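Secondary and tertiary structure notes
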Amino acid sequence: MKILGIESSCDETAAAVVEDGRKVLSSVVATQVMEHRQYGGVVPEIASRRHAENIVPVVRKSLSDCNLTLDDIDAIAVTYAPGLIGALLVGVNFAKGLSLASGKPLVPTHHLRSHIASNYISNQELKPPFLCLVVSGGHSHIVMVEDYTKMKILGRTRDDAAGEAFDKAARTMGMPYPGGIELDKVAENGNPLAFKLPRPVVHDAPYDFSFSGLKTAVINLIHNASQKGEELNKADICASFRYAVVDCLTTNFLKAAEDYKVNKLVIAGGVSANSLLRSTLQNECKQRGYEFYMPDKSLCGDNAAMVGSQGYYEFLSGNTADSSLNAFATMSIEL
Ligand code: KG4
Ligand code: ZN
């Protein structure tokens, strides 16, 4: 079964063709990141306009890249939540039009579920149940993936998402948006123990995260030094901050795995590209005898191949929509 996936929840317009949830026949991503960079973050109005311009050529290219036409497609899966509402509406309305015109089923797909599905492409043998750490620019969740379309949130962030914390810390150090990627690179040459940063915990909620205090601590560290005219080693700040974030994420994730007696662990979302997060969990899981899976780095960020994958499982579970489908800025992964 061939699914056309469409993604427009933030600043990437993407389309892909995926067979049986696992095989990527084509994947096209048009990113707007350079345009938003000059504003230090995504400007929703600009994002919507660019999606409107890009969606037709991107979908056309996804079909021509694998020598298919719409006739060869069995269903159209589209990200309908969560995300920037104006951005989502472009993809949703385009997919609705395509579905109406072609008579192909329309499959509404949750963005974070799709991030998890990127693992089905990178790890062909992976099947639920497993425990997943979903870490992106907007979310930080520990999710029990009971089945492809049945999930339960065990923990979540109380304030900033992990990616947001990375981006804000990076911005304070003058790195361009989205700074998480560069912060990760610079951290490779620093000492993670150079600066002592807090490890915030949420009382009575052992799997929840809180990153705003950690973010403020690193921002204060930088500002206080600059007021005194001191120059701090940037690589050391990056390494210490990255170590603190990864420590918080992995501590709670591993605790949840232990408490719920799960020995199959998975990571997903933009922050799952983080080198320290990947290596730390790889080592910790090896020591504990757990299975550990992560997406290929090329599939960690927003793309439509993951939408085509999750869309397949949503379709199999009977999740289809008609032309009354709407987009939603927020929606739980549990649905
Ligand atoms: O999943 P994603 O592409 O978009 C959302 O759905 O939010 O995640 C984007 C986030 C950004 O905050 C970006 O800085 C972060 O993922 N990110 C990273 C790395 N690569 C991307 N954060 C830390 N280390 C990385 N290597
Ligand atoms: Zn995303």
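First, a word on scope: everything that follows refers to the structure included in this document. (Residues numbered from 1 in each chain as written. Chains lettered and ligands numbered in written order. Predicted model: local features only at pLDDT ≥ 70, side-chain atom pairs only at ≥ 80, totals over all residues. Heavy atoms only, no water.)

1. Things to note about the overall build of the protein chain
Looking only at helices and strands, one finds 10 helices and 10 strands in the protein chain. Seen through its C-alpha atoms, the protein chain measures out along the principal axes to roughly 65 × 45 × 35 Å. Taking all 335 residues of the protein chain together, 54% fall into the buried category. Restricting the contact set of the protein chain to residue pairs at least 6 apart, pairs at least 24 apart contribute 74%. Summed over its atoms, the accessible surface of the protein chain is roughly 14,100 Å², and 50% of this surface lies on carbon and sulfur atoms. Each charge sign in the protein chain was given a centre, from 32 positive and 37 negative side chains, and these centres are 2 Å apart. (Helix = DSSP H or I, 4+ residues; strand = E, 2+ residues; numbered from the N terminus. Buried < 20%, exposed > 50% of the residue type's maximum accessible area, 1.4 Å probe, protein only. Contact = heavy atoms within 4.5 Å. Areas by Shrake-Rupley, 256 points an atom, 1.4 Å probe, with all protein chains shown as cover. Lys, Arg positive; Asp, Glu negative; His and termini not counted. Charge placed at Lys NZ, Arg CZ, Asp CG, Glu CD.)

2. Digging into the environment of T13
As for its placement among the helices and strands, T13 is situated in strand 2 (residues 12-19). What makes T13 buried here is its relative accessible area of 0%. Put simply, T13 and N303 are 290 residues apart on the chain and 7.9 Å apart in space, counted from C-alpha to C-alpha. There is a polar contact of 2.8 Å between the side chain of T13 and the side chain of H51. (Polar contact = N/O pair within 3.5 Å; in protein donor to acceptor, adjacent residues only side chain to side chain.)

3. Remarks on the pattern of salt bridges
Enumeration over the complete set of coordinates arrives at 16 salt bridges. Linking R199 and D247 is a salt bridge whose minimum nitrogen-to-oxygen distance equals 2.7 Å. Taken together, the residues R199 in the loop between helix 6 (180-187) and helix 7 (212-227) and D247 in helix 8 (residues 234-259) connect sequence positions 48 residues apart. One salt bridge in this structure joins E284 and R288, with 2.4 Å as the shortest N-O distance. Note that E284 and R288 are positioned in helix 9 (residues 275-288) at a spacing of four residues, about one turn of the helix. Judged by relative accessible area, which is 34%, R288 ranks as partly exposed. What you see here is one network of salt bridges that share partners, running through D160, E164, K168 and K215. (Salt bridge = Lys/Arg side-chain N within 4 Å of Asp/Glu carboxyl O.)

4. Comments concerning the site of ligand 1
The full set close to ligand 1 counts 19 residues, and G137, D167, D184, G270 and N274 are the nearest of them. Take G180: an N or O atom from its main chain is 3.4 Å from an oxygen atom of ligand 1. Take D302: an N or O atom from its main chain is 3.4 Å from an oxygen atom of ligand 1. Within the complex, the protein chains bury 86% of what would otherwise be the 550 Å² of accessible surface of ligand 1. (Near = heavy atom within 4 Å.)

5. Structural notes on the sheet that holds strand 9 (residues 264-268)
Spatial strand order, 8-7-6-9-10: five strands in an open sheet with mixed pairing. Since the sheet does not close on itself, it has two edges, and those belong to strand 8 (150-156) and strand 10 (291-293), each with one partner. Between one strand axis and the next, the sheet turns by 25 degrees as a mean value, whatever way the strands run. Examined bridge by bridge, strand 6 (residues 130-135) and strand 7 (residues 140-147) share six bridges and lie antiparallel to one another. Looking at the pairing, F130 lines up with V145 of strand 7. (Pairing = 2+ DSSP bridges. Axes fitted to C-alpha atoms, helices over the stretch in contact; angles between N-to-C directions.)

6. Examining unusual backbone geometry
With an omega of -20 degrees, the peptide bond running from A81 to P82 counts as cis. Tracing the chain through its elements places P82 in the loop between strand 4 (75-81) and helix 3 (85-102). A cis geometry characterises the amide bond from Y177 onward to P178, with omega recorded as -10 degrees. Looking at where P178 falls in the secondary structure, it is placed in the loop between helix 5 (162-172) and helix 6. Even without being a glycine, D20 presents a positive backbone phi close to 50 degrees. Non-glycine residue D204 carries a positive phi angle of around 65 degrees.

7. So, the side chain of K264
Relative to the helices and strands, K264 resides in strand 9. Of note is the side chain of K264, whose polar atom sits 2.8 Å from the backbone oxygen of K127.

8. A look at the state of the cysteines
The tally for this structure, following the rule as stated, stands at zero disulfides. The structure places no disulfide on C238, whose sulfur is separated from the nearest cysteine sulfur, that of C248, by 17 Å. For C238, a relative accessible area of 0% translates into the label buried. A residue is classified by how much of its surface remains accessible, and C248, at 8% relative accessible area, is buried. (Disulfide = S-S within 2.5 Å.)

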